[in-house]
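Structural description and commentary
What follows is the residue order along each chain.
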Amino acid sequence: MTPLAHTALAELTTPALLLDRTVLERNCDAMAQRAARHGVALRPHLKTSKSAEVARVATRGHSGAITVSTVAEADYFARYGFLDLTYAVGISASKVDALHRVQRLHGARVNLLADCVEAVRAVAARARALGASFGLLIEIDTGGGRGGVAPDDEEALRAIAAEVQRSGSLTLAGVLTHAGHSYHADGLESIRAIAEAERAGAVRAAECLRAAGFTVDVVSVGATPTAVCAERLDGVTEMRPGVYTFFDLDQAARGICGIEDIALSVLATVIGHNPRSRRVLIDAGALALSKDESAAEFRDGLGFGLVCRVDGTAPLPGLRVAELHQEHGLVASGGDGHGDSDDDLRAMFEALPIGSRVRILPHHACMTAAPYDRYHVVQGTDASVHAVWGKALGWRPA
């Protein structure tokens, strides 16, 4: 998908999603090296990019195994040859038909996720009716409080594993956990502690099942903060970070990455100056940027995204997207943008003339990228498109 290759950024319809391939490749190489140092497989979570081209970079030199979060992603990636898939959202029986179709049409193998006997029973019944078979991972809660069995709940672990074993349509693949609460941890030491709890909890659950006679091949952990900060992963077989491919302000605000590691930005056009509200208007609003302000938990002055020149991602001092409407973003400078001097206002208007282009760095790359249907691939300060990469959209398979 490259019809707009070599198009100047000034010619793109805005808002547009930009992806710096140089930064993407650097991020992916660093995570691959980290996994290798720990002696674990890397099964990147592609819910962030939803892109086969990004997946090729993220799995370069690896097995090609990936993680997905929607049936649409499973179908999309299987069509592009990614056939070892973990569907890392608790499974419902209503999705078994579509996932069986992914396996049958593309020759894929899909591992499912469950944390209770009732879900396993319902999914197994539907799979038997279709003549389908799946691997199943038991979800472990290592502190996130979202889904999963407690690592020391031996009775629940054994009951789920036994239900899988007698199902006839499911095979126990292992255990999986996600330390999503690491996104709210302040400081690298706190994240390191969560990473160790994530590792230890998953390993403990696996050992409990093995002691009861069950085979547990997969011990899977995964979150970008813990993947970056983990000091040891013994007993783990794979990790599943996702947002590391792009990074974002949320990760930068806690020191997981630097601003220079953010590969994703939104290209916008300056469409107005409003001296009364002391704002610059751009054509990227809530739908283009998302209203996620996650990095504000750790750092002030980020608004809904930082403003950069069109030829790079170094933030312009003091400028951020202060307000969002559906298709409008309002850029302000300094404190709250209302008490700045007239000189500051003139400087902002001069820096962002009407008709000029800017890039906005997002808080949460996954949320920002999701609505777009393509990436305009750039490299460094070259203000032109080198390639256009497609991506999956929505929840329904094609």
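Provided above is the structure to which this section pertains.
Analysis parameters
Residues numbered from 1 in each chain as written. Predicted model: local features only at pLDDT ≥ 70, side-chain atom pairs only at ≥ 80, totals over all residues. Heavy atoms only, no water. Pairing = 2+ DSSP bridges. Helix = DSSP H or I, 4+ residues; strand = E, 2+ residues; numbered from the N terminus. 1 Å grid on protein atoms, 1.4 Å probe; cavity = no way out; pocket = protein on both sides within 12 Å on 5 of 7 lines; lining within 4 Å. Points joined across faces, edges and corners; volume = space filled by probe spheres on them. Nonpolar A, V, L, I, M, F, W, Y, C, P; charged D, E, K, R; others polar. Contact = heavy atoms within 4.5 Å. Axes fitted to C-alpha atoms, helices over the stretch in contact; angles between N-to-C directions. Buried < 20%, exposed > 50% of the residue type's maximum accessible area, 1.4 Å probe, protein only.

The subject of this paragraph is the pairing of strand 11 (residues 279–282). By the bridge criterion, 4 bridges tie strand 10 (residues 264–274) to strand 11 in an arrangement that is antiparallel. Considered in strand 11, the bridge of Gly272 is made with Leu281. Between strand 10 and strand 11, which follow one another and run antiparallel, lie 4 residues, and Arg278 among them has a positive phi close to 60°.

All told, the structure shown has 1 cavity of 30 Å³ or more when counted by the stated rule. Taken as a whole, the largest cavity encloses approximately 30 Å³ of empty space. Lining the largest cavity are Glu198, Val221, Gly222, Ala223, Thr226, Ala227, Leu233 and Met239. In terms of residue class, the lining of the largest cavity is made up of 5 nonpolar, 2 polar and 1 charged.

What follows covers the sheet that holds strand 2 (residues 41–42). Pairing in this open sheet of 8 strands is parallel, and the strands run 2-9-8-7-6-5-4-3 from one edge to the other. With partners counted over all chains shown, the strands left at the sheet margins are strand 2 and strand 3 (66–68), one partner each. As paired elements, strand 2 and strand 9 (residues 238–239) share 2 bridges and run parallel to each other. By the bridge assignment, Ala41 is partnered in strand 9 with Glu238. With respect to the sheet, helix 4 (residues 96–106) is in contact with strand 4 (84–87), strand 5 (109–114) and strand 6 (134–140), its orientation differing from that of strand 5 by roughly 155°.

A word on helix 3 (residues 71–79). Structural remark: α-helix, 3.6 residues per turn; residues separated by three or four positions point the same way. Most of helix 3 sits inside the fold, with 8 of its 9 residues counted as buried. Here helix 3 has its buried residues at Val71, Ala72, Glu73, Ala74, Asp75, Tyr76, Phe77 and Ala78. One or two residues past the end of helix 3 sits Gly81, with phi positive at roughly 95°.

What follows concerns the layout of surface pockets. When its volume is computed, the largest pocket comes out at roughly 1100 Å³. In this structure, the largest pocket is lined by 44 residues; those nearest its centre are Lys47, Ser69, Arg146, His178 and His364. Secondary-structure elements contributing two or more residues to the lining of the largest pocket are strand 6, strand 7 (170–177) and helix 12 (365–369). The residue inventory of the lining of the largest pocket, partitioned by class, reads 15 nonpolar, 19 polar and 10 charged.

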